[in-house]
Amino acid sequence: MADEEKISTGRSLKQCCKLHWRGKGTIIIPLVTLPVLFYAFSIQSPEYKCMYLVLNMALFWITECIPLYLTSIFPVVFLPLFSIMSSFDVCQLFFTDTLVMFLGGLIVALAVEYSNLHQRIALGTILLVGCSPRRLHLGLVAVTCFISLWISNSAATAMMCPIVKAVLMEMEAQNIFQVSMTQEEQPMEEGDPPHPSIISMAFYFGIAYAATIGGCGTLIGTGTNLTFKGLYDTRFPNSQEKVDFPKFMMYAIPLVVFVNVILLYFSLQVTHMGLCRPNSNIGQQIKRGSENKDVVKQVVVQRFKELGPMTCHEIQVAILFVFMILLLFFKKPGFVMGWGDFLNANISRKLLEPQTPDFVCSFSGSLARIRNIS
């Protein structure tokens, strides 16, 4: 009986350690790094206090003992507690213009994906550009680049991959070109999914690179651009040159976006889609796909019709999407007075105006009435 109790106790301890290790980690990690905090208080060093906080945050992020977003809020609590920074300064850093722009881009990306607006934009652009394999590739690259200008490049790629897969499956069903490699080209074990063909990889590579290129075109396209703006505004607060949305686009879009997208398209056409090699196997498949472009167009038109008319959600998200672009562009455009300049001018004028206390106004009014009576 005692042996059975020992066995059950051992099993329960193992299950507890296996299932509840995160709760134990939240206690063990701060205790292990506690000597750093003791040393910091002994010499009154804010650097070592900050090191203790950074170590705990890093270990919590690696182990995920608690959710990541909770770990990211540690500075709001512990920096004021350790007398490193005031809560006012910390919260200002947590809610900067840069972070609000990034958060807004993520929310818009989720709304576009939820309403299926990205599918309507992609299929509409394909019908506008053309349905031959080369034009199909150009349309998908262009749409991905445009979407990535306004949302994060990772979200743009994640939204476009299902569209590319659906288009390629239709191409394979209509025998337009080879979508998957054969057993002779790429040996596979039984049960493994087939490897994509070189032409299929051109489509996937195209949207991946186009999303990265589009992310470089605007401030909200990727987190790196927003990080640069935040660092610039923090390090040079009195600089005459400001990193504004239209100014960033003016420098980035002509060279970074247009030129790179054109180079990307032609490089993939040469390496993966048989451009300048019409007699190759890939070149023959692309030629056969161009001859059957009417069949491809019928498939795309059918996909577009299946979406039906624009829903209320799609219309609302489209209006919000356009409105966001206009607000971002015309905040401080430079060539005209933007709404940001207008608001800042009004706030500055109100702050500079002398404020008369209420009791002074009432006292002056009483004196004026006394003079009138007398």
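The shown structure was predicted, so the numbers you read here are calculated from the model rather than taken from an experiment. (Residues numbered from 1 in each chain as written. Predicted model: local features only at pLDDT ≥ 70, side-chain atom pairs only at ≥ 80, totals over all residues. Heavy atoms only, no water.)

Some remarks on helix 11 (residues 153-173)
In an α-helix, one turn spans 3.6 residues; hence positions three or four apart end up facing the same way. For helix 11, spanning 21 residues, the distance from its first C-alpha to its last is 30 Å, which sits close to the expected 30 Å at 1.5 Å a residue. Considering bend angle alone, the principal kink of helix 11 is centred on M160 and spans about 25 degrees; proline P162 follows within four residues of it. Looking at helix 11, one finds that the buried residues are N153, A156, M159, M160, I163, V164, V167, L168 and M171. (Helix = DSSP H or I, 4+ residues; strand = E, 2+ residues; numbered from the N terminus. Expected span 1.5 Å × (residues − 1). Bend = angle between axes of the 7 residues up to and from the residue. Buried < 20%, exposed > 50% of the residue type's maximum accessible area, 1.4 Å probe, protein only.)

With respect to the packing of helix 6 (residues 74-81) against helix 7 (residues 87-94)
It is at 9 Å that the axes of helix 6 and helix 7 come closest, and there the two elements cross at 155 degrees. In terms of orientation, helix 6 and helix 7 fall into the roughly antiparallel class. In this structure, the crossing between helix 6 and helix 7 has a hand that is right-handed. Of the residues in helix 7, those in contact with P75, V76, L79 and P80 of helix 6 are S87, V90, C91 and F94. Across the contact of helix 6 with helix 7, the residue classes tally to 7 nonpolar, 1 polar and no charged. (Axes fitted to C-alpha atoms, helices over the stretch in contact; angles between N-to-C directions. Parallel < 35°, antiparallel > 145°, perpendicular 65-115°, else oblique. Left-handed = near helix turned anticlockwise from the far one by under 90°. Contact = heavy atoms within 4.5 Å. Nonpolar A, V, L, I, M, F, W, Y, C, P; charged D, E, K, R; others polar.)

Some points on the confidence of the model for the chain
Confidence in the prediction for the chain averages 77 pLDDT; 80% of positions are at 70 or higher. Overall, residues 356-364 carries pLDDT values under 50, and its contacts beyond four positions in sequence, including any with other chains, amount to 1 contact. (pLDDT = per-residue confidence, 0-100.)

Things to note about empty space enclosed by the protein
Evaluated as defined, the whole model comprises 1 cavity of 30 Å³ or more. What the largest cavity holds in volume is close to 50 Å³. As for the largest cavity, its lining consists of V112, L117, H118, I121, I147, I151 and F321. Among the elements that take part in the lining of the largest cavity, helix 9 (residues 117-129) stands out by supplying 3 residues, more than any other. For the lining of the largest cavity, the residue count by class is 6 nonpolar, 1 polar and no charged. (1 Å grid on protein atoms, 1.4 Å probe; cavity = no way out; pocket = protein on both sides within 12 Å on 5 of 7 lines; lining within 4 Å. Points joined across faces, edges and corners; volume = space filled by probe spheres on them.)

Thoughts on helix 16 (residues 293-306)
Relative to the 20 Å expected for 14 residues at 1.5 Å per residue, helix 16 spans 20 Å between its end C-alpha atoms, a close match to the ideal helical length. Regarding helix 16, the residues found buried are V296, V299 and V300. Projection of helix 16 onto a plane perpendicular to its axis shows the buried side chains occupying an angular sector of 95 degrees, all on one side. Turned more than 90 degrees away from the buried face of helix 16, the exposed residues are D294, Q298 and K305. Check the buried side of helix 16 and you find it contacts helix 9 and helix 11. Positive backbone phi, at 75 degrees, marks G308, one or two positions downstream of helix 16. (Arc of directions from axis to C-beta.)

A word on the pattern of salt bridges
As enumerated under the stated definition, the model contains 3 salt bridges in all. For K229, the salt bridge identified is with D233, shortest N-O distance 2.7 Å. Here K229 pairs with D233, and both are found in helix 13 (residues 223-235), just 4 residues apart, close to one helical turn. According to the relative accessible area criterion, D233 is partly exposed, its value standing at 27%. (Salt bridge = Lys/Arg side-chain N within 4 Å of Asp/Glu carboxyl O.)

Describing unusual backbone geometry
The phi torsion at Q44 lies on the positive side, around 55 degrees, for a residue other than glycine. According to the relative accessible area criterion, Q44 is exposed, its value standing at 56%. Even without being a glycine, C276 presents a positive backbone phi close to 70 degrees. With respect to the helices and strands, C276 occurs in the loop between helix 14 (245-272) and helix 15 (281-291).

So, the packing of aromatic side chains
In the structure shown here, the tally under the stated rule is 11 aromatic pairs. Seen in terms of ring centroids, F78 and F82 are 5.9 Å apart; in terms of plane orientation they differ by 40 degrees. Their pairing is tilted. Classification of F82 as buried rests on a relative accessible area of 7%. Linked through ring pairs, F41, Y52, F60, F74, F78 and F82 together constitute an aromatic cluster. (Phe/Tyr/Trp six-rings, centres within 6.5 Å; stacked < 30°, edge-to-face > 60°.)

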